Amino acid sequence: MSVVPVLLVFLSLFYFCGAENAASNAEEKQVRPVQPAEQENYLIEECLSNQYTHNSCKKVFCNPWERCAEGKCHCKLPYQCPKNGTAVCSTNGRQFQTYCQLKSYECQQPAAKFLNNGNCVSGETFEVSLGHGDSNLLRVKPVNRREDLFVCDSEWTMNEANVACRHLGFELGAQYYQSNSNIIKSTLNPSQCLQITCRGLETSLAECYIVEKSRDRNEGFVSLECYENVRDCSASEFHCVNSKCISLTNTCDGINDCGDLSDELCCKACRGSSFHCRSNICIPSKNVCNKEADCLTEEDEAQLHCADREKYVENHSMDEERKRIKTFLPQINCGLTNHTLTRRKRIIGGKTAKKGEFPWQVAIRETGSEGATVYCGGVYIGGCWVLTAAHCVRANRVHLYRIWIGLLDTIRFNKETDTYQLKRLIIHEKYNASTYENDIALMELKSSGKGECSLKYTTPACIPWSEYMFKSGDTCKVSGWGLEKGYTKQYVLKWGNVNLFQNCSELYPGRFFKEMACAGTYDGSIDSCKGDSGGPLVCFDAENVAYVWGVVSWGENCGEPGHPGVYTKVASYYDWISRHVTRSLISRYNV
């Protein structure tokens, strides 16, 4: 039951019932009708049906005052925010220790918006208004200023327009904005204007970067129309998740036209100079190399293309405070190796792992078995916890299992090899031994001391929280002590590169489910079935941080084209894992 080649015997037994399980596993989703060619060029229809927004942590990072659970960003309570930060005042006159605490409080009391940094002072206001008539000129009076000013149109986008209308009480944001240079009989000084830059998700203009400047000769002022009435969208429009209608030509351009970001989260390509994240998100080019990751796998901040960029200059808006608060959140170190892993063509008779290359790899042995053979692998994920495949373990044999950490050679041990007994075994409650659905389990190691495990010679692999972090075509690494070609025993840890396949439901009809991933090579030269069950398939982000993308589950016809190895997709079990091991232990982000 241990290694994958042995599993092949069982696979033929459940093949005939796979179609029925696949049918019961399918979810009925309301899929949008296909739009004109303009939409097809940029938007991914299958993705749109998931209704992703700025609150979908499978697509975006949550704010410091939020946490990710069940695929959504949920507001924390104020006391759960970091205590470090700058004191701020809200519009209801209440003082908060930090900006994070205010935003958390605003989740329950929407009227309590940000007003200004520092202590609250009697009489201070931040006013935003729209002119009357045809002009609808936007006017803003910052705190501690006697008069209001018009807003210059330079660098103004729908990001800022949506925030301005949201500030005025229009939840759907702006209908449109335009430049207007016609100022008729105004007591205000038209030679000055306010330049405002927003991230696009703020609830108040006071949170944006605002600076007074001399107006350029040809510079206009912002005229604004807010979105009031929900209507049916036309064939040339995109239907935002919040029911707003925008032009299809404004999708996938890095600008949050919808106001809920739904127009930028399902893009196969991006318009103009906006940056396309590998998770099919479009972000503004100004967000690239700004010392904050917007792409799930950090390619917008990769050193490779940020080294030659100009030094990022802070603008001292509350967006900078938000970034600073992030640095105070609990940090965990995971997915880091002591060696640079080069590409190798084969795991069968291939490269032997060196010390520190796969520090999260563990071996599972069972006392009393022949030679205490390594029969399954596992992945260390932090604390006292190891992840493995459900088919590797049995609840009534917990006392027999031994977890070997830092093991490279199963015959030649070294001083950096530790062994642990199990305290607890958690097999997924919906594991199906016939179909290998939910083939995942957690093992809690027995600690020596005050409830903590001190694992000196290992590093945890990171747990992915989104299935969009890696995609088909990506090269990942599989490792294990599995049988060598010809089914001969293997005594040293070996590894090889495999490619993620898009979907194996056609290759394994009726037996491949949405919580599974498949990987291999197109010529079949590398296959995970030559590694142990329960072992890791790790993928690396732009900063070379390793995420355990899959747990070796099953395979068929090892080493043949068209039969890639099948893995339990770990991202599908992020919430299940975090419920048992605590979210703060495994969450590199979105804690």
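Residues numbered from 1 in each chain as written. Predicted model: local features only at pLDDT ≥ 70, side-chain atom pairs only at ≥ 80, totals over all residues. Heavy atoms only, no water.

1. Here we look at helix α8 (residues 318–326)
Working step 1: Of all the nine residues making up α8, seven are buried; the element is thus mostly covered by neighbouring parts of the structure.
Working step 2: Within the span of α8, buried status applies to M318, D319, E320, E321, R322, K323 and I325.
Working step 3: As for α8, its buried residues are in contact with β3 (88–90), α5 (99–108) and β5 (114–117). (Buried < 20%, exposed > 50% of the residue type's maximum accessible area, 1.4 Å probe, protein only. Helix = DSSP H or I, 4+ residues; strand = E, 2+ residues; numbered from the N terminus. Contact = heavy atoms within 4.5 Å.)

2. Regarding the state of the cysteines
Working step 1: Taken as a whole and judged by the stated rule, the model has 18 disulfides.
Working step 2: Two residues share a disulfide in this structure: C165 and C226, whose sulfurs sit 2.1 Å from each other. Its S-S torsion of about -90° marks the bond between C165 and C226 as left-handed, since a negative value means left-handed. Of this pair, C165 sits in helix α6 (residues 158–167) while C226 sits in strand β12 (residues 221–226); the two residues are 61 residues apart in sequence, bridging distant segments of the chain.
Working step 3: Each sulfur in the disulfide pair C289 and C306 lies 2.0 Å from the other. Because the torsion about its S-S bond is -90°, the bridge between C289 and C306 counts as left-handed. Here C289 is found in the loop between β16 (282–283) and α7 (303–306), whereas its partner C306 is found in helix α7, with 17 residues between them in sequence.
Working step 4: Overall, C306 belongs to the buried group, its relative accessible area being 17%. (Disulfide = S-S within 2.5 Å.)

3. Details of the packing of aromatic side chains
Two aromatic rings, taken as a pair, are described by how far apart their centres are and by the angle between their planes.
Working step 1: Applying the stated criterion to the full structure yields twelve aromatic pairs.
Working step 2: Ring plane angle 90° and centroid distance 5.5 Å describe the contact between Y52 and Y468, whose orientation is recorded as edge-to-face. Taken together, the residues Y52 in the loop between α4 (45–48) and β1 (66–69) and Y468 in the loop between β23 (441–445) and β24 (475–480) connect sequence positions 416 residues apart. In this structure, Y52 and Y468 share a single accessibility class: buried.
Working step 3: Site record: aromatic cluster; members linked through ring pairs are F61, W465, F470, Y547 and W549.
Working step 4: The ring of Y468 has K59 sitting right over it, with the charged end atom 4.0 Å from the ring centre. (Phe/Tyr/Trp six-rings, centres within 6.5 Å; stacked < 30°, edge-to-face > 60°. Lys NZ or Arg CZ within 6 Å of the ring centre and 35° of its normal.)

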